[in-house]
Amino acid sequence: MDLGQVGIWRRWRDGTDDLREIESLGFRALWVGGSPSPEQMRPFLEESTTLTVASGVVNVWRHDATEVAEGHRRLRSEFGDRFLLGIGIGHPEATSEYKKPLTKMREYLDALDAADPPVARDERLLAALGPKMLDLSAERSLGTHPYFTTAEHTRFARERVGDGPLVAPEVAVVLESDPEAARATAREFAATYLGLTNYTSALLRVGLTESDIADGGSDRLIDTVIPHGSAKEIAEAVRKHLDAGADHVSLQVLGGDRAGAYRALADALL
């Protein structure tokens, strides 16, 4: 499985537009968010030929483990190691039955292990933020795919999981030279996540404060979590994650011209 150092993150509902260009630009991995089922991942594999396509991530409360294991089997049989199964626990604010997240995740992994055939440890990874979920990701999967975090969290994750497990954070970015316009786009995106305790707890753990989180996010928070500026400036932010221990960074482009942004980012990073 070849992810490269930099990939692209997008939601499955955005469809497969630009996939051929993403591939031709030299990106090796596409992360598909919005809790897609394995079957909803199929078009992204069919419309590409070399990309590793990862679910970023399957929500364990929404998708039955036995059905996910069967979907994983079908995709791996057709597309080989181009498919990577990412799974995550979601958020208490978004899931009415949310309780005992570590227990739920362990039970889900047990079910994937018990499937016929099982989902191999190195064919799955966890969206882990906190220390105990990071421990579990290192113990029972390929590694972790944190979301809406900082380079300092990447450093924390690497130190927690140690050498070997994959650390592959998502980083949302805005290619916009006007700082205020960029921050407006970033704040609109951040609004949902600043209301979810899993994310805010992770930010507080790595040095941001309650005042940073309040009122739509301080400039410090917005600039740290969602880099903006030129492709060169965004490349510098990506390198902070890599220097902090990330093996791979997936970029979620916010704003208008995504295709143009992909080309600029490829020029700056690949």
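My aim in this report is to walk through the structure given alongside it, one point at a time. Quick caveat: nothing in here was measured; it's all calculated off a predicted structure. (Residues numbered from 1 in each chain as written. Predicted model: local features only at pLDDT ≥ 70, side-chain atom pairs only at ≥ 80, totals over all residues. Heavy atoms only, no water.)

1. Brief notes about the pairing of strand β3 (residues 52-55)
What you see with β3 is no split at all: Thr-52 and Ala-54 on one side and Val-53 and Ser-55 on the other are buried throughout. Pairing between strand β2 (residues 29-33) and β3: 4 bridges, direction parallel. Looking across to β3, one finds that Trp-31 is bridged to Ala-54. Following the backbone out of β2, through helix α2 (residues 38-46) and into the adjacent parallel β3, one traces a crossover that is right-handed. Alignment of β3 against strand β5 (residues 83-88), held across 2 bridges, turns out to be parallel. From the neighbouring strand, Val-53 faces β5, where its bridge partner is Phe-83. (Buried < 20%, exposed > 50% of the residue type's maximum accessible area, 1.4 Å probe, protein only. Helix = DSSP H or I, 4+ residues; strand = E, 2+ residues; numbered from the N terminus. Pairing = 2+ DSSP bridges. Right-handed = clockwise from strand over helix to strand, strands pointing away.)

2. Here's the deal with unusual backbone geometry
In the segment running from Gly-56 into Val-57, the intervening peptide bond is cis, with an omega of 10°. Secondary-structure assignment places Val-57 in the loop between β3 and β4 (58-59). Along the chain, Asp-116 connects to Pro-117 via a cis peptide bond; the corresponding omega equals 0°. Its location among the elements puts Pro-117 in the loop between α4 (101-114) and β6 (124-126). Positive phi is not limited to glycine here, since Lys-100 has a value of about 40°. Here the phi dihedral of Phe-148 falls at roughly 60°; this positive angle occurs in a residue that is not glycine. Along the chain, Phe-148 turns up in the loop between β7 (143-144) and α6 (151-161).

3. Section: the layout of surface pockets
A probe matching the size of a water molecule, rolled over the atoms, marks out where space remains unfilled. By volume, the largest pocket is sized at about 970 Å³. Taken together, 45 residues form the lining of the largest pocket, with Gly-90, His-91, Tyr-147, Tyr-193 and Tyr-199 sitting closest to its centre. Going through the elements one at a time, β1 (6-11), β4, α4, α5 (131-140), α7 (179-193), α8 (197-205), β11 (249-254) and α12 (258-269) are the ones with two or more residues in the lining of the largest pocket. By residue number, the principal contributor to the lining of the largest pocket is α8, which donates 6 residues. Class assignment of the residues belonging to the lining of the largest pocket gives a composition of 21 nonpolar, 17 polar and 7 charged. Put simply, the second largest pocket is a space of about 250 Å³. (1 Å grid on protein atoms, 1.4 Å probe; cavity = no way out; pocket = protein on both sides within 12 Å on 5 of 7 lines; lining within 4 Å. Points joined across faces, edges and corners; volume = space filled by probe spheres on them. Nonpolar A, V, L, I, M, F, W, Y, C, P; charged D, E, K, R; others polar.)

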